Amino acid sequence: MSIEPGTQGSVPAGAELGAPAQTPPSPDKGMFGVKGTGDVSGFGRLVRPRPAVFDSPRPYGGYFDDVYDALEEAYPALSEAIEKVVVDRAELTLHVRAEHIAEVCQVMRDDASLRFELCSSVDGVDYLSSDERRFHVAYQLTSMTYRRRVRLEVAVAEGVTVPSVTRVYPTADWQEREVYDMFGVVFAGHPNLTRILMPDDWEGHPQRKDYPLGGVPVEYKGAEIPPPDQRRVYQ
Amino acid sequence: MTTSEYAAERETTEGRVFTVTGGDWDSITSSIDPLSNEKIVVNMGPQHPSTHGVLRLVLELEGETVTEARPVIGYLHTGIEKNLEYRNWTQGVTFVTRMDYLANMSNEVAYCLAVEKLLGVTDQITERTNTIRVMFMELQRIASHLVWLATTGMELGAISMMLYGFREREYILDIFEETSGLRMNNGYIRPGGLAQDVPESAIRKIRDFLKYLPKKLKEYEAMLSGQIIWQQRTQGVAVLDVTGCLALGITGPVLRSAGLPWDLRKTMPYCGYENYEFDVPTATTADVWGRYLVRMAEIRESLKIVEQALDRLKPGPIWIEDKKIAWPSQLALGLDGLGNSLEHVAKIMGQSMESLIHHFKLVTEGFRVPPGQVYVAVEHPRGELGVHAVSDGGTHPYRVHYREPSFVNLQAIPAMAEGALLADVIAGGASLDPVMGGCDR
């Protein structure tokens with residue numbers, strides 16, 4: 001029987017959190033490797049709430065209702081495509097099922113009452129352990145006609161592809177390449193999905209949460225300063 | 001094997017490869033049989049004086065016409081976004097300011113606006129702070145446009161323009177140094193306020209600069225605008241219309257040179273830009289010439305904004321009132337740089353234990369930011385600079401992504417260069433004003 005690190009054997013409990021040490025694999029678990037109780041410190045009784053994302057109720061306020069209604073009218077399959085609608089800090093986020101993202105973008109761009117002509121940004125976020133489908137890709141769309149912004153977000157598990165939006169927004173070309181480079185999310189239908197910032201022969205995807213930052217300890221005035229990903233963190 | 005004293009050549013499986021060092025184009029063309037070798041692939045950069053830093057362009061040429069252009073980036077990737085996740089929210093400023101090293105203040109303001117929006121304290125930023133932020137962003141825009149003018153001038157053969165542009169920019173960097181202690185990478189704008197107030201000496205320098213620059217701008221225009229070489233190198237070169245710009249996500253002066261007056265300072269104002277009077281200059285030519293006109297006009301508009309900001313600069317606090325966010329000490333500029341003021345050190349070390357605890361907690365641990373995500377965009381000298389910041393409720397950013405205008409705008413190089421002459425690749429690339437530090441982050 002193999003010995004799991006951190007549970008028994010020569011490795012003390014909590015010594016192996018997995019890199020990077022600063023970001024525990026689960027937000028419920030603190031620095032000391034305590035499991036199950038939701039105790040942050042391992043000693044106190046503090047419970048760290050899991051940041052949950054809830055559906056926002058109608059009305060959303062502002063132009064958000066107009067955008068949603070217009071999208072529903074122009075794209076009848078919207079109820080299948082949308083998982084959640086979140087209004088937070090005066091920003092509208094439509095959580096879209098990955099397989100529908102390119103169609104939704106097409107409608108968002110072309111419909112006369114939506115007119116999101118500009119795809120400002122495409123980027124990834126890795127919600128390791130806090131979401132089954134750990135990789136989220138966020139699309140920031142801008143309507144220059146109506147001066148509106150909407151964020152579309154898709155979530156995929158590792159190994160699941162996301163349809164590329166480069167046919168709708170050619171500007172997403174490099175940005176999808178960056179998401180692929182940094183997170184390993186594969187965009188189906190992208191014309192040239194290669195690494196863009198890292199060298200071509202690089203192994204791993206650096207922005208993933210389980211990819212260590214790296215670094216060496218530095219001596220400063222006699223004291224040894226550990227590399228940033230091994231320093232103490234206040235979660 | 002080598003046919004000339006300059007360009008070394010060798011045979012590879014892909015064909016004959018020349019290593020050029022400059023000034024040896026003749027030796028290449030003379031050693032290629034024009035009938036059997038119509039196509040040449042030129043690898044320009046990543047170390048090339050006219051590619052604005054470490055940009056590499058792989059160009060396929062037929063004669064002097066570019067048939068295919070492929071930009072290769074990533075040579076200046078430093079993992080800033082990854083590093084941010086290991087520092088607290090305030091320390092992030094020190095990193096983001098190093099992204100686009102010609103527009104430090106804009107990077108910092110965009111980041112701080114995102115953090116403040118996550119905290120929900122955007123309304124609580126004091127008026128003085130907002131005014132100073134606007135003033136410094138506009139000075140930064142002028143500095144950045146001056147460097148653009150300087151480098152573009154150099155690349156198109158107007159070397160004296162380079163000297164003048166950098167000379168005037170130094171004036172602005174002096175103002176920044178007077179205020180923040182550093183010429184570049186200032187780390188001056190902080191979430192919730194500013195590192196320290198603007199000293200009276202810097203205000204005087206800004207006033208002097210407002211009188212100084214307009215005269216110089218006239219000189220540059222007198223030198224460049226009527227110049228026949230400048231006109232021929234820029235007019236009708238690297239044309240990209242509004243449709244092309246929007247498809248490729250190009251914003252900033254390049255988009256405005258195509259005629260669309262899209263400027264986030266007007267269309268989606270932040271930091272109180274709606275209270276300033278200024279115009280959004282546009283051109284209709286959609287070429288390098290148009291971008292030159294737009295940038296020159298933008299410098300003048302920025303001067304107008306700086307003047308208005310100086311007029312409305314009233315004494316007052318620079319830090320947010322919330323003591324859980326505001327930096328615990330007033331920083332002071334000493335002989336050895338920016339640091340805690342002596343009064344503050346005397347207080348926390350000698351008089352008040354609570355102040356010491358507060359200072360220690362806030363400086364080492366930082367403040368917590370409620371979970372959520374925001375996207376904030378500012379009008380950077382090169383276009384829309386967007387910050388997508390995600391918090392998981394901790395003292396460190398969970399993820400910060402910069403939508404860098406240099407990164408997005410560089411995608412336009414193939415659209416501008418293909419079908420044009422090799423020399424126009426330089427002009428077109430320069431007109432995008434890419435900064436590779438921002439592009440690669």
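Here's what I pulled together on the structure shown here. Bear in mind the structure is a predicted one, so any value in this text is a computation, not a measurement.

Turning next to the overall build of chain A. Helices and strands together make up the secondary structure of chain A, namely four helices and nine strands. The order of α-helices and β-strands along chain A, N terminus first, is α-α-β-β-α-β-β-β-β-α-β-β-β. Burial statistics for chain A: of 235 residues in total, 46% are counted as buried. Intrachain contacts of chain A at a sequence separation of at least 6 include 49% that bridge at least 24 residues. Accessible surface computed for chain A: about 11700 Å², of which carbon and sulfur atoms make up 53%.

Before going further, it helps to spend a moment on the packing of aromatic side chains. Residue and element names in this part refer to chain B. Tallied over the full model, the rule gives 15 aromatic pairs over all chains. Measuring from centroid to centroid gives 5.3 Å for tyrosine 171 and phenylalanine 209, while their planes differ by 50 degrees, and the two rings are tilted. Of the two residues, tyrosine 171 sits in helix α6 (residues 159-180) while phenylalanine 209 sits in helix α7 (residues 200-224), which places them 38 residues apart along the sequence. On the basis of relative accessibility, which here comes to 25%, the residue tyrosine 171 falls in the partly exposed class. Judged by its relative accessible area of 0%, phenylalanine 209 is buried. Put simply, the rings of Tyr270, Tyr273, Tyr276 and Phe278 pair up and form one aromatic cluster. The ring of tyrosine 273 carries the charged tip of arginine 265 above its face, separated from the ring centre by 6.0 Å.

A separate point is the interface of chain B and chain A. Each partner contributes residues to the interface: chain B has 51 residues there, and chain A has 54 residues. Between chain B and chain A lies a buried interface of about 4500 Å² when both sides are counted; carbon and sulfur atoms form 55% of it. Connecting chain B to chain A are four salt bridges. As a salt-bridge pair, arginine 149 of chain A and glutamate 384 of chain B come within 3.2 Å of each other at their nearest N and O atoms. Linking chain B with chain A are 23 residue pairs in polar contact (both at pLDDT 80 or more). Examining the composition of the side of chain B that touches chain A, we find that five residues originate from one element, strand β10 (residues 372-380) of chain B, more than from any other. Of the residues contributing to the side of chain B that touches chain A, the split by class is 23 nonpolar, 14 polar and 14 charged.

What follows covers the nonpolar core. By size, the foremost hydrophobic cluster in this structure holds 171 residues, and its most contacted members are Leu94, Met108, Tyr139 and Leu152 of chain A together with Ile73 of chain B. When residues in this core are grouped by element, the largest group, 11 residues, is from helix α5 (residues 127-155) of chain B. Not counting the four nearest positions on each side in its chain, isoleucine 73 of chain B is found in contact with Trp174, Ile196 and Leu197 of chain A together with Leu55, Phe407, Leu410, Met436, Cys439 and Asp440 of chain B.

What counts and how
Residues numbered from 1 in each chain as written. Chains lettered and ligands numbered in written order. Predicted model: local features only at pLDDT ≥ 70, side-chain atom pairs only at ≥ 80, totals over all residues. Heavy atoms only, no water. Helix = DSSP H or I, 4+ residues; strand = E, 2+ residues; numbered from the N terminus. Buried < 20%, exposed > 50% of the residue type's maximum accessible area, 1.4 Å probe, protein only. Contact = heavy atoms within 4.5 Å. Areas by Shrake-Rupley, 256 points an atom, 1.4 Å probe, with all protein chains shown as cover. Phe/Tyr/Trp six-rings, centres within 6.5 Å; stacked < 30°, edge-to-face > 60°. Lys NZ or Arg CZ within 6 Å of the ring centre and 35° of its normal. Buried area = accessible area lost by both parts, 1.4 Å probe. Salt bridge = Lys/Arg side-chain N within 4 Å of Asp/Glu carboxyl O. Polar contact = N/O pair within 3.5 Å; in protein donor to acceptor, adjacent residues only side chain to side chain. Nonpolar A, V, L, I, M, F, W, Y, C, P; charged D, E, K, R; others polar. Core = buried A, V, L, I, M, F, W, Y, C linked by side-chain atoms within 4.5 Å.

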